[in-house]
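Below are the chains, spelled out letter by letter.
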Amino acid sequence: MMTLYSGITCPFSQRCRFVLYEKGMDFEIKDVDVFNKPEDLALMNPYNQVPVLVERDLILHESNIINEYIDERFPHPQLMPGDPVMRGRGRLVLYRMEKELFSLVQVLENPESTNKEQAKAREAIGNGLTLLAPSFTKTNTSWAMTSP
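Counting starts from 1 at the beginning of each chain's written sequence and moves along it residue by residue. This being a predicted model, a pLDDT of at least 70 is required before a residue's local features are given, and a value of 80 or more before pairs of side-chain atoms are given or counted; all residues contribute to the totals for chains, interfaces and linings. Calculation of side-chain values draws on the structure's entire complement of heavy atoms; hydrogens and water are dropped beforehand.

## Observations regarding the overall build of the protein
From N to C terminus, the protein includes six helices and four strands. With the principal axes as the frame, the protein shows a C-alpha extent of 45 × 40 × 20 Å. Burial classes follow relative accessibility: with a 1.4 Å probe on protein chains only, a residue under 20% of its type's maximum area counts as buried, one over 50% as exposed, and anything between as partly exposed. In the protein, which comprises 148 residues, the proportion classed as buried is 35%. Note on definitions: a residue-residue contact is assigned when non-hydrogen atoms from the two residues lie within 4.5 Å. Within the protein, contacts between residues at least 6 apart in sequence are counted, and of these 53% link residues at least 24 apart. Of the roughly 9,500 Å² of accessible surface on the protein, 56% is carried by carbon and sulfur atoms. In the protein, 16 positive and 20 negative side-chain charges are present, and the distance between their average locations comes to 7 Å. Elements are defined by DSSP. Helices are runs of H or I of four residues or more, strands are runs of E of two residues or more, and each kind is numbered from the N terminus. Every accessible area reported is derived by Shrake-Rupley at a probe size of 1.4 Å, with residue values counting cover from the shown protein chains alone. A residue counts as positive if it is Lys or Arg and as negative if it is Asp or Glu; His and the chain ends are not included. To locate a charge, take NZ of a lysine, CZ of an arginine, CG of an aspartate or CD of a glutamate.

## Regarding the pattern of salt bridges
For this document, the term salt bridge refers to a Lys or Arg side-chain nitrogen within 4 Å of an Asp or Glu carboxyl oxygen. Going through the model one piece at a time under the given rule, you end up with five salt bridges. The salt bridge involving glutamate 100 is made with arginine 96; its shortest N-O contact spans 2.9 Å. With glutamate 100 and arginine 96 both in helix H4 (residues 84–109) and four residues apart, this pair spans about one turn of that helix. Residue glutamate 100 is classed as partly exposed on the basis of its relative accessible area of 29%.

## A short note on the pairing of strand S1 (residues 2–7)
Summarising burial for S1: six of the six residues are buried, a large majority. In short, DSSP must find at least two bridges between two strands for them to pair. Direction of pairing for S1 relative to strand S2 (residues 27–32): parallel, over a ladder of six bridges. Note on S2: the bridge partner recorded for glycine 7 is valine 32. Note that S1 and strand S3 (residues 52–55) share four bridges and pair antiparallel. The residue bridging tyrosine 5 from the neighbouring strand is valine 52, located in S3.

## A look at the packing of helix H1 (residues 11–23) against helix H3 (residues 63–73)
Axis lines are fitted to C-alpha atoms, over the contacting stretch for helices. Their N-to-C directions set the angle, which ranges from 0 to 180 degrees. At their nearest, the axes of H1 and H3 sit 9 Å apart, and the two run at 10° to each other. On the basis of the axis angle, H1 is roughly parallel to H3. Taken together, the residues of H3 that come into contact with H1 (itself represented by Phe12, Arg15, Cys16, Val19, Leu20 and Lys23) are Ser63, Asn64, Ile66, Asn67, Ile70 and Asp71. Its residues assigned to classes, the contact of H1 with H3 shows six nonpolar, three polar and three charged. Oblique is the label for any angle not covered by the other classes, which are roughly parallel (under 35 degrees), roughly antiparallel (over 145) and roughly perpendicular (65 to 115). Side-chain classes follow a simple rule in which Ala, Val, Leu, Ile, Met, Phe, Trp, Tyr, Cys and Pro form the nonpolar group, Asp, Glu, Lys and Arg form the charged group, and the remainder, Gly included, forms the polar group.

## Concerning H3
By the burial criterion, the buried members of H3 are Ser63, Ile66, Asn67, Tyr69, Ile70 and Asp71. Whenever two N or O atoms come within 3.5 Å, that pair is a polar contact, provided that in protein one can donate a hydrogen and the other can accept it, and provided that, for residues adjacent in sequence, both atoms are side-chain atoms. Capping the start of H3, glutamate 62 holds a side-chain oxygen 2.9 Å from the backbone nitrogen of asparagine 64, two or three residues further along.

By themselves these figures say nothing about function.
What follows is the structure, given as structure tokens:
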């Protein structure tokens, strides 16, 4: 059985949870308090971050690596399109989410962020998700191809 060490509010961990659920995998989630990490996390991941996937003797960290492993190890249902152009566009959407939206979650979780900074981050996340929504239709990849 696979075990995913995952931060409850960590968007990278959530990305892995989505993939595991979409694949219908039998797995266990160990929630990690990212502000009070267990000592064994640093032994599994030299960056001492979540997510971390453990399957038998294999330990993987970094959400993209974990998700690619899961999709290759368990090919059905296939999560990425078969067409290389569409896969490239899909990867671009994921990259933009990481660069433009996930970083804003850190602002929301940072106890030193001001109310104004948090409000600005919430607004930016909402706007980004609105722009992102059409990318999840089968025929529209406009968000992946447009500039921010």
